[in-house]
Amino acid sequence: MAQHPANCEICARIEQLQSGAHPGFIAHLPSGFFVLGDSQQWRGYALLLCVTPVADLEELDWNRRLEFLRDLALCSEALSNVLKPHKMNVESLGNLVPHLHFHLFPRYLTEQEPTKPVWVQMNPSEDVALDVEGERELIAQLKREIERLIVQRA
Ligand SMILES: [Zn+2]
């Protein structure tokens, strides 16, 4: 099985998030950090980064696992409510960086290939870098929505 790497770029991101220096920060949840992705080729693309440095979900004890999955469900619902996509794609891969994280892609019918996975469509020439100033309102909306969902689900 893949091992969590000693020199991990997601752990470095988490340190940035903990020091308040991460531009895409949306929310600090019990099991992880909810952040907008560096690329916005899919508007609202976000990640949930697990604070526990493990490679896979199965390495978390059962309660931590459920906590992480509950946080993931809140992130997905917040994106869905705010961005009103046609479909949400929620994926855990981590083949490149084996630190547990989920990718959350709002999918839209206006895409060229809305039925295909994002991974086969990623095109560096069409990359849209995260514009933190431009996305300030989206980040604020997602923050408000996740706080609302946490209260509602409590
Ligand atoms: Zn890590």
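These lines cover the structure that appears in this document, whether it is placed above or below. Note that the structure is predicted; figures quoted are calculated from it, not measured.

1. Some remarks on the packing of helix α2 (residues 62-83) against helix α3 (residues 136-153)
Then step 1. Packing of α2 against α3 leaves a shortest axis separation of 9 Å and a crossing angle of 125°. Put simply, α2 runs oblique to α3. Seen along the crossing, α2 lies across α3 with a hand that is right-handed. On the side of α2, the interface is formed by Leu-74, Cys-75, Glu-77, Ala-78, Leu-79, Asn-81 and Val-82, while α3 contributes Gln-141, Leu-142, Glu-145, Ile-146, Leu-149 and Ile-150.
Then step 2. Class assignment for the residues of the contact of α2 with α3 results in nine nonpolar, two polar and two charged.

2. Here's the deal with the nonpolar core
Then step 1. By size, the foremost hydrophobic cluster in this structure holds 28 residues, and its most contacted members are Phe-34, Ala-46 and Cys-75.
Then step 2. Listing elements by their share of this core, those giving two or more residues are α1 (9-18), β1 (25-28), β2 (32-36), β3 (46-50), α2, β5 (101-107) and α3.
Then step 3. Here this core gets six residues from one element, more than from any other, and that element is α2.
Then step 4. Not counting the four nearest positions on each side in its chain, Phe-34 is found in contact with Ile-26, Ala-27, Leu-29, Ala-46, Leu-48, Cys-75 and Ile-146.

3. Looking at the sheet that holds β1
Then step 1. Spatial ordering of the open sheet is given by β1-β2-β3-β5-β4, a layout of five strands whose pairing is antiparallel. At either end of the open sheet lies a strand with only one pairing partner, and these are β1 and β4 (87-91). Within the sheet, the average angular offset between the axes of one strand and its neighbour, ignoring direction, is 15°.
Then step 2. In this sheet, β2 lies alongside β1 in antiparallel orientation, the contact comprising three bridges. When the sheet's bridge partners are listed, Ala-27 is paired in β2 with Phe-34.

Procedures and definitions
Residues numbered from 1 in each chain as written. Predicted model: local features only at pLDDT ≥ 70, side-chain atom pairs only at ≥ 80, totals over all residues. Axes fitted to C-alpha atoms, helices over the stretch in contact; angles between N-to-C directions. Helix = DSSP H or I, 4+ residues; strand = E, 2+ residues; numbered from the N terminus. Parallel < 35°, antiparallel > 145°, perpendicular 65-115°, else oblique. Left-handed = near helix turned anticlockwise from the far one by under 90°. Contact = placed C-beta atoms within 7 Å. Nonpolar A, V, L, I, M, F, W, Y, C, P; charged D, E, K, R; others polar. Core = buried A, V, L, I, M, F, W, Y, C linked by C-beta atoms within 7 Å. Buried ≥ 20, exposed ≤ 12 C-beta atoms within 10 Å, placed from the backbone. Pairing = 2+ DSSP bridges.

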